[in-house]
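Residue strings, one per chain:
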Amino acid sequence: MHHPAPSADRRHRTIEAPAGRLHLVEQGTGPLVLLVHGFPESWYSWRRQLPALAAAGYRAVALDVRGYGRSSKPAAPDAYRMLDLVADNVALVRALGEEQAVIVGHDWGANIAATSALLHPEVFRAVALLSVPYAPPGGPRPTDVFAHMGGDEEFYVSYFQEPGRAEAEIEPDVRGWLAGFYAALSADTMPAQGAPDPHFVARAGGRLRDRFPVGRLPAWLTEDELDVYASEFERTGLTGALNRYRNMDRDWADLAHHAGAPIKQPSLFIGGALDASTTWMADAIAAYPTTLPGLTSSHVLDDCGHWIQQERPDEVNRLLTTWLAGLRG
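No experiment lies behind these values; they were computed from the predicted model shown.

Either a parallel or an antiparallel arrangement is found when strands of a sheet pair, and the pairing is made through backbone hydrogen bonds. If you trace the 8 strands from one edge of the open sheet to the other, you get β1-β2-β4-β3-β5-β6-β9-β10, paired in mixed fashion. Looking along the sheet, the strands with just one partner apiece sit at the ends: β1 (11-17) and β10 (295-301). Going from strand to strand, the sheet's axes swing by 20 degrees on average, the running direction of each strand aside. Bridge analysis of strand β5 (residues 101-106) against strand β6 (residues 124-130) gives 6 bridges, and the strand direction is parallel. Residue pairing for β6: Val104 is matched across the bridge by Ala128. Running over the sheet, helix α2 (residues 82-95) touches β1, β2 (20-27), β3 (32-36), β4 (59-63), β5 and β6 and is turned about 120 degrees from β1. In the packing of helix α15 (residues 313-328) onto the sheet, the strands contacted are β3, β5, β6, β9 (267-272) and β10, and the crossing angle to β6 comes to about 160 degrees.

Spelled out as structure tokens, the structure:
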């Protein structure tokens, strides 16, 4: 496998934003491409994309979302509402001296990227979504939906929504927990079909990690790479990251007047065939002709789990750069 070598022109910067400070890493020159990570990651999840996008003639910028890494971590739980994260992205584009950007997001970052594109089409001229499909705002209250998903078990989102509860599970052993979580959702290490689903928690004192694979890292993750993620979360704790889940009802209310709204800019979707996000949200993908009328192409990668740009960097880089080249046409 050939990966472009991370070159010496990868630059760390901090900019002022509504969050306070936003830390970002940039590489290359050309049209701006903003890369937004998900849970529980950081700018580092785009380490394989930054050099590839730079080599293709783009200014690639990966940020630490507020609450993560070296970006500010406001104390107020409602400081992690979607509208604030969108405001950070707009401020970041401006702080970089640009008028517009293409925005690319993975996992929660896909939701953040989609909402940024929905609310600010004048800034975000195109949007690529990895792993989590676009579903327009609206529908029933999210907490009500999640409360009914588990039956005898509790859905992980409900578990994450309760302040302090997931922190108590994760923070005593951040590195071990992250290793298990990454492995649980990776194609080569995920639990076999029929095994207890790691997206759910047993009701009586259960923990998510009870269902994680133990003692194996997925092929995409080295011990040194795991150390990068673990050291950041050991320093910051998990509350800033988990607060995203604790704002879902607030976001639902904030975005109610955009219910059913399509994203009209050129768009791209890449999902993993073995990722629950892709299979659970099959209806959202089927609705793309209505919800993403500017969709250029949609790809579901066989034998791929959730950590798509890390599991399949070469394929993702090819799909992204091909799509970006088409936007220039």
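Moving on, we come to the nonpolar core. With 100 residues, the main nonpolar core has Phe39 and Phe160 as its most contacted residues. In this structure Phe39 touches Tyr68, Asp107, Trp108, Phe160, Trp177, Phe181, Leu238, Ala241, Leu242, Tyr245 and Trp307, once residues within four positions along its chain are discounted.

To continue, consider the pattern of salt bridges. One pass over the structure, following the stated rule, counts 19 salt bridges. A salt bridge links Glu154 to Arg165; the nearest nitrogen and oxygen atoms lie 2.7 Å apart. With Glu154 in strand β7 (residues 153-155) and Arg165 in helix α6 (residues 165-170), the pair connects residues that are 11 residues apart, well separated along the chain. Here Glu154 falls in the buried class, since its relative accessible area comes to 11%. Linking Glu315 and Arg312 is a salt bridge whose minimum nitrogen-to-oxygen distance equals 3.0 Å. It is possible to trace a salt-bridge network through shared partners that takes in Arg11, Arg13, Glu26, Arg59 and Glu98.

Now for the environment of Arg235. Looking at the element boundaries, Arg235 is found in helix α8 (residues 223-236). C-alpha of Arg235 to C-alpha of Asp254: the two residues are 19 residues apart in sequence and 31 Å apart in space. If we skip the residues at most four places from it in the chain, Arg235 touches Gly69 and Arg70. A polar contact is formed between the side chain of Arg235 and the side chain of Glu232, at a distance of 2.9 Å.

At a minimum axis distance of 9 Å, the contact between helix α7 (residues 174-184) and α8 shows a crossing angle of 125 degrees. The pairing of α7 with α8 is recorded here as oblique in orientation. The two elements α7 and α8 meet at a crossing, and its hand is right-handed. Contacts between α7 and α8 involve Val174, Arg175, Leu178, Ala179 and Tyr182 from the former and Glu223, Leu226, Asp227, Tyr229, Ala230, Phe233 and Glu234 from the latter. Residue composition of the contact of α7 with α8, by class: 8 nonpolar, no polar and 4 charged.

In this description, an aromatic ring pair is defined by two values, namely the gap between the centres and the angle between the planes. Under the counting rule described, the total for this entry stands at 25 aromatic pairs. Its guanidinium or amino end placed over the ring of Trp108, Arg244 lies 4.6 Å from that ring's centre, counting from NZ or CZ.

So, about unusual backbone geometry. Leaving glycine out, the prevailing phi sign among residues is negative, and the prevailing peptide bond configuration is trans. Residue Pro40 is reached from Phe39 by a cis peptide bond, and omega for that bond is -10 degrees. Positive phi, close to 60 degrees, is recorded for Asp107, a residue that is not glycine. Inspection of the secondary structure assignment puts Asp107 in the loop between β5 and α3 (108-119). Look at Asp107 and you get buried, because its relative accessible area is 10%. Phi at Ser131 is positive, roughly 75 degrees, even though this residue is not glycine. With respect to the element layout, Ser131 can be found in the loop between β6 and α4 (142-147).

Moving on, we get to the side chain of Asn243. You can see Asn243 is positioned in the loop between α9 (239-242) and α10 (248-254). Among the residues examined, Asn243 registers a relative accessible area of 3% and is labelled buried. Ignoring any residue separated from it by four or fewer positions in sequence, one finds Asn243 in contact with Pro77 and Tyr80.

With that out of the way, let us pick up the packing of α2 against α3. Between α2 and α3, whose axes approach to 9 Å, the crossing angle comes to 75 degrees. With respect to their mutual orientation, α2 and α3 come out roughly perpendicular. Contacts between α2 and α3 involve Met82, Leu83, Leu85, Val86 and Asn89 from the former and Trp108, Asn111, Ile112, Thr115, Ser116 and Leu119 from the latter. Looking at side-chain class alone, the contact of α2 with α3 contains 7 nonpolar, 4 polar and no charged residues.

Our next topic: α3. If you check α3, its first and last C-alpha atoms are 17 Å apart, about what 12 residues at 1.5 Å a residue would give, namely 16 Å. Burial of α3 is extensive: 10 of the 12 residues sit out of reach of the surface. Every buried residue of α3 is accounted for by Trp108, Gly109, Ala110, Ile112, Ala113, Ala114, Thr115, Ser116, Ala117 and Leu118. For α3, the secondary structure elements touched by its buried residues are β3, α2, β5, β6 and α10.

Conventions adopted
Residues numbered from 1 in each chain as written. Predicted model: local features only at pLDDT ≥ 70, side-chain atom pairs only at ≥ 80, totals over all residues. Heavy atoms only, no water. Pairing = 2+ DSSP bridges. Helix = DSSP H or I, 4+ residues; strand = E, 2+ residues; numbered from the N terminus. Axes fitted to C-alpha atoms, helices over the stretch in contact; angles between N-to-C directions. Contact = heavy atoms within 4.5 Å. Core = buried A, V, L, I, M, F, W, Y, C linked by side-chain atoms within 4.5 Å. Buried < 20%, exposed > 50% of the residue type's maximum accessible area, 1.4 Å probe, protein only. Salt bridge = Lys/Arg side-chain N within 4 Å of Asp/Glu carboxyl O. Polar contact = N/O pair within 3.5 Å; in protein donor to acceptor, adjacent residues only side chain to side chain. Parallel < 35°, antiparallel > 145°, perpendicular 65-115°, else oblique. Left-handed = near helix turned anticlockwise from the far one by under 90°. Nonpolar A, V, L, I, M, F, W, Y, C, P; charged D, E, K, R; others polar. Phe/Tyr/Trp six-rings, centres within 6.5 Å; stacked < 30°, edge-to-face > 60°. Lys NZ or Arg CZ within 6 Å of the ring centre and 35° of its normal. Expected span 1.5 Å × (residues − 1).

That is the geometry; function is a separate question.
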